[in-house]
Amino acid sequence: MKKLINDPNNVVQEMLEGFAAAHSGHVRLLGDLNVVVRRDGPVNGKVGLVSGGGSGHEPAHAGYVGAGMLDAACAGDVFASPSVGQILAAIKHVDSGSGVLLIIKNYTGDVLNFELAMDLARENEGVSVDKVIVSDDVSVDPSARTAGRRGIAGTIFIHKIAGARAEAGGTLHDVKASAETALKNLRSMGMALSPCTVPATGKPTFTLPEDEMEIGMGIHGEPGIKRTKIMGADQVAEALLSNITADMPLREGDEVALMTNGLGATPVMELYIMHRAASALLKDMGVAICAGYVGEYMTSLEMSGCSLTVLRLDDGLKSLLFAPSRTPAFVQI
């Protein structure tokens, strides 16, 4: 294992200290809890937004803390849920009397801990708290998995939509409603060319022959829907997008936002080639791409691969997507 770290047991704390030092104009750490909060928060009268999850997916989720997006992000150990105590502390910190919305990726540990923290905040602290659970990964058949579909890179669009509605003064009900509208129109799918290595174990999360790729791979190394021989970018884009549009049919004249997300070790050159292919496929369908995003938004340590996310837009979602935001990893002017 070759990694630029010190003690594998301290990677999250040291990463967050570096993150806070690099982005001190946007964020700060909440004590020693591995919770990142807005430098200018809590914002009086605004619904607070809290998200988080296991570390190793940077810039998610701390990179989306700031004006127009999240108020706090809780960082668990690598690929592990944050604790109930972390989440509860974040809820209490961001609450300014208008309530708090939790944005949760659909993994069992995350859902359990966020929901328990939500119950404690309601019962013991008198905070009005609600939740949305992101499950955008079409590679998972929801009927074949007890927990349903996984939450992957589409979560960033939920941060953006909910964050814009909260920043505009929406109530907790309003903010949740906007997030739920986005969730109904959100689909993603990923693929992997190589595994990643969790620092604490020092071993790859899975094995993949040099001449193969996995379609539908999860962000923690969960199995995909099939392994194939290496394909060209155009073929990969078609494989991912065909599954997305089979699950969420698009019609001629629809407007979408398209995100091509790198998983940590994919050169930007290759991401743009993938984005080119996906854009061409959508345009051939008569679908208008109103916004394109290419880069690393939700990674998987040094996994090589990418995901595609499609958010179908209406006028309301478009307005929220294009609203200003100022965070370390997502700036919208």
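Reference entry: report on the structure contained in this document. (Residues numbered from 1 in each chain as written. Predicted model: local features only at pLDDT ≥ 70, side-chain atom pairs only at ≥ 80, totals over all residues. Heavy atoms only, no water.)

## Re helix α5 (residues 172–184)
Taking 1.5 Å of rise per residue, 13 residues should cover 18 Å, and α5 covers 19 Å from first to last C-alpha, within 8% of that figure. Taken together, the buried positions of α5 are occupied by Leu 172, Val 175, Lys 176, Ser 178, Ala 179, Ala 182 and Leu 183. The arc that holds the buried residues of α5, viewed along the axis, is 160°, so those residues lie on one side. What points out from α5, more than 90 degrees from its buried face, is the exposed set His 173 and Lys 184. (Helix = DSSP H or I, 4+ residues; strand = E, 2+ residues; numbered from the N terminus. Expected span 1.5 Å × (residues − 1). Buried < 20%, exposed > 50% of the residue type's maximum accessible area, 1.4 Å probe, protein only. Arc of directions from axis to C-beta.)

## So, the sheet that holds strand β9 (residues 226–229)
As summarised here, the arrangement of the six strands in space is β9-β8-β7-β12-β10-β11, forming an open sheet in which the pairing is mixed. In the strand order of this sheet, the two ends are held by β9 and β11 (288–295), each with one partner. Strand-to-strand, the axes of this sheet are offset by a mean angle of 20°, without reference to chain direction. Note that strand β10 (residues 255–262) and β11 share seven bridges and pair parallel. Residue pairing in the sheet places Ala 257 in a bridge with Ala 291 of β11. (Pairing = 2+ DSSP bridges. Axes fitted to C-alpha atoms, helices over the stretch in contact; angles between N-to-C directions.)

## A word on the packing of aromatic side chains
A full pass over the atoms with the stated rule returns four aromatic pairs. Ring geometry for Phe 157 against Tyr 293: centres 5.6 Å apart, planes inclined by 70°, an arrangement best described as edge-to-face. Of this pair, Phe 157 sits in helix α4 (residues 155–167) while Tyr 293 sits in strand β11, and the two are 136 residues apart along the sequence. Across the pair, exposure class does not vary: Phe 157 and Tyr 293 are buried alike. Consider the rings of Tyr 293 and Phe 330, whose centres lie 5.5 Å apart with planes at 35°: the pair is tilted. (Phe/Tyr/Trp six-rings, centres within 6.5 Å; stacked < 30°, edge-to-face > 60°.)

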